[in-house]
Every structure is written in structure tokens, then in C-alpha cells.
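Listed below are the residues making up each chain.
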Amino acid sequence: MARNVKCPECGTFNDKENAIYHNSKYYCKVCYDNKMRESQDYKDLIAYICELYEIDAPTGWMLKQIKDFKEQFHYTYRGMKTTLNFFYEIQEGHDTADSMGIGIIPFVYDDAKKFYVDKKAVKDSVTEVSLENIASNKRIIKVKRGKESENLYKDIAFIDIGKL
Ligand SMILES: [Zn+2]
């Protein structure tokens with residue numbers, strides 16, 4: 001008799017033997033890995049905030065903001081970290097001393113996303129350039145690339161910067 005257990009995250013039923021037991025629950029492998037990655041991302045975000053704001057620990061207000069952004073806007077921890085990095089370290093003229101918390105995140109999350117999508121597009125096209133040298137027909141590749149970057153913006157709403 002198969003002993004099936006339900007994954008608390010995705011709701012699929014899995015053989016107990018293959019499921020991963022964690023905090024009294026049986027997770028499927030994919031959800032467990034996601035969970036572990038997310039908890040690492042959370043730690044990274046907290047460490048980054050401490051470094052950026054030169055504090056020993058985030059304030060209660062910051063923790064609440066992180067929680068709210070995740071629940072209300074479905075931002076990822078990694079995406080939040082990336083956004084702070086974008087605003088305070090890549091864009092010029094912003095100082096964490098001017099800000100009480102991390103409330104800037106919702107205002108620049110999409111800009112940060114666009115910035116990293118562009119950066120990734122550049123990186124990808126650099127990779128393509130080397131392929132281009134190998135390929136004899138350079139033109140076809142160029143045309144293709146133009147089309148792809150158009151689609152890139154169409155799909156931008158669905159891209160999770162945490163995953164770039
Ligand atoms: Zn699952």
C-alpha cells in the first residue's frame with residue numbers, strides 16, 4: 001500500500017519515501033528546495049540591509065515592511081535585495097541616512113527589474129556575439145536578437161528579478 005503525503009506548498013501527493021520531512025510536514029523535493037533557497041535569500045536580504053544601513057539588526061519596522069511587501073506585492077526576498085542594491089548602490093545620489101525604512105522598494109522595484117533585465121539582455125547578447133563569430137550568417141542572428149528584446153519588454157511583468 002502506497003503511503004502518500006500531501007505537500008503543504010503545492011498540494012501534490014507524493015510517496016512518503018520520496019518526500020522531505022521538515023517542520024513536521026512532508027514537502028515535495030521542488031517545494032523543499034524552493035523553501036530552502038527562500039530562507040537563504042531572506043538571510044542574505046537581512047545581512048545586506050545591515051550592511052547598507054550600517055546597523056546590527058533590521059528594525060522591527062523594516063521586518064514588517066519585508067513581510068508586507070512579500071505578502072501584498074509578492075516580491076521575493078532576492079528581488080528586494082536587488083532593488084535596494086539598485087537604488088542605493090547603482091543609482092547615484094541616494095543615501096540610506098535619508099530613509100527610515102526600506103519603503104523605497106515598491107517605488108523602484110520595477111525600475112530595478114528593468115535595469116537587470118536589460119543587463120541580462122546585454123550579457124546574453126554578448127554570449128550570442130561569440131556564437132555569431134562561429135556562425136557564418138551574422139544577419140539572421142541579429143534580426144532574431146532584435147525580436148527577442150521586443151518580447152523581453154512585453155514579458156517584463158512576468159519576470160521575477162529574483163530569478164535573473
Ligand atoms: Zn510541493
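In this text, all values refer to a predicted model and were calculated from it rather than measured experimentally.

Chemist: Sorry if this is basic, but what is going on with the coordination of the zinc ion here?
Modeler: Any two of four tetrahedral donors ideally make an angle of 109.5 degrees at the metal, while pairs among six octahedral donors ideally make 90 or 180 degrees. Each protein donor to the zinc ion is listed here as Cys7 (SG), Cys10 (SG), Cys28 (SG) and Cys31 (SG); together their distances run 2.3 Å. Seen from the zinc ion, its four donor atoms lie at angles of 102 to 118°, and the figure they make is tetrahedral. Along the chain, the residues donating to the zinc ion are arranged with the sequence spacing C-x2-C-x17-C-x2-C. Residue Cys10 is located in the loop between β1 (4-6) and β2 (13-15), and its partner Cys28 is located in the loop between β4 (25-27) and α1 (29-53); the two are separated by 18 residues in the primary sequence.

Chemist: Help me understand helix α2 (residues 60-73), please; the structure alone is not making it clear to me.
Modeler: Within an α-helix, residues lying three or four positions from one another point in the same direction, as the helix has 3.6 residues per turn. Helix length check: α2, at 14 residues, gives a terminal C-alpha distance of 19 Å against a target of 20 Å (1.5 Å per residue), a fit within 8%. Those residues of α2 that sit buried are Met62, Gln65, Ile66, Asp68 and Phe69. Following α2 by one or two positions, His74 adopts a phi angle in the positive range, close to 60°.

Chemist: In this structure, what is going on with the pattern of salt bridges? I would like to understand it.
Modeler: For side chains of opposite charge, pairing can occur when their charged atoms come near one another. By the definition in use, this model includes seven salt bridges. The partner of Lys29 in a salt bridge is Asp33, and the shortest N-O contact between them spans 2.8 Å. Taken together, the residues span about one helical turn, with Lys29 and Asp33 both in helix α1 at a distance of four residues. Of the charged contacts in the structure, one is a salt bridge between Lys114 and Asp118, with a shortest N-O distance of 3.2 Å. Here Lys114 and its partner Asp118 are both found in helix α4 (residues 105-134), four residues apart, which amounts to about one turn of the helix. You can call Asp118 partly exposed: its relative accessible area is 25%.

Chemist: In this structure, what is going on with the confidence of the model for the chain? I would like to understand it.
Modeler: Note: predicted coordinates in regions of low pLDDT should not be interpreted at a detailed level. Taken as a whole, the chain shows an average pLDDT of 82; of its residues, 75% reach a score of 70 or greater. Confidence drops under pLDDT 50 across residues 134-158; counting only partners more than four residues distant or on other chains, this segment forms 19 contacts.

Chemist: Explanation requested: the packing of α1 against α2 in the structure shown.
Modeler: If you want to describe how two helices pack, look at the angle between their axes and the distance between the axes. Interaxial distance between α1 and α2 falls to 12 Å at its minimum, and their mutual angle equals 135°. One way to sum up the angle between α1 and α2 is to call them oblique. Two packed elements cross with a definite hand, and for α1 against α2 that hand is right-handed. Note on element contacts: α2 touches α1 through Met62, Leu63, Ile66 and Lys70, opposite Glu38, Tyr42, Leu45, Ile46, Ile49 and Tyr53. Of the residues assigned to the contact of α1 with α2, the class counts are eight nonpolar, no polar and two charged.

Cut-offs and rules
- Residues numbered from 1 in each chain as written.
- Predicted model: local features only at pLDDT ≥ 70, side-chain atom pairs only at ≥ 80, totals over all residues.
- Heavy atoms only, no water.
- Donors = N, O, S within 2.8 Å, 3.2 Å for Na, K, Ca; no water.
- Tetrahedral: all angles 85-135°; square planar, octahedral: opposite > 155°, others 65-115°.
- Helix = DSSP H or I, 4+ residues; strand = E, 2+ residues; numbered from the N terminus.
- Expected span 1.5 Å × (residues − 1).
- Buried < 20%, exposed > 50% of the residue type's maximum accessible area, 1.4 Å probe, protein only.
- Salt bridge = Lys/Arg side-chain N within 4 Å of Asp/Glu carboxyl O.
- pLDDT = per-residue confidence, 0-100.
- Contact = heavy atoms within 4.5 Å.
- Axes fitted to C-alpha atoms, helices over the stretch in contact; angles between N-to-C directions.
- Parallel < 35°, antiparallel > 145°, perpendicular 65-115°, else oblique.
- Left-handed = near helix turned anticlockwise from the far one by under 90°.
- Nonpolar A, V, L, I, M, F, W, Y, C, P; charged D, E, K, R; others polar.

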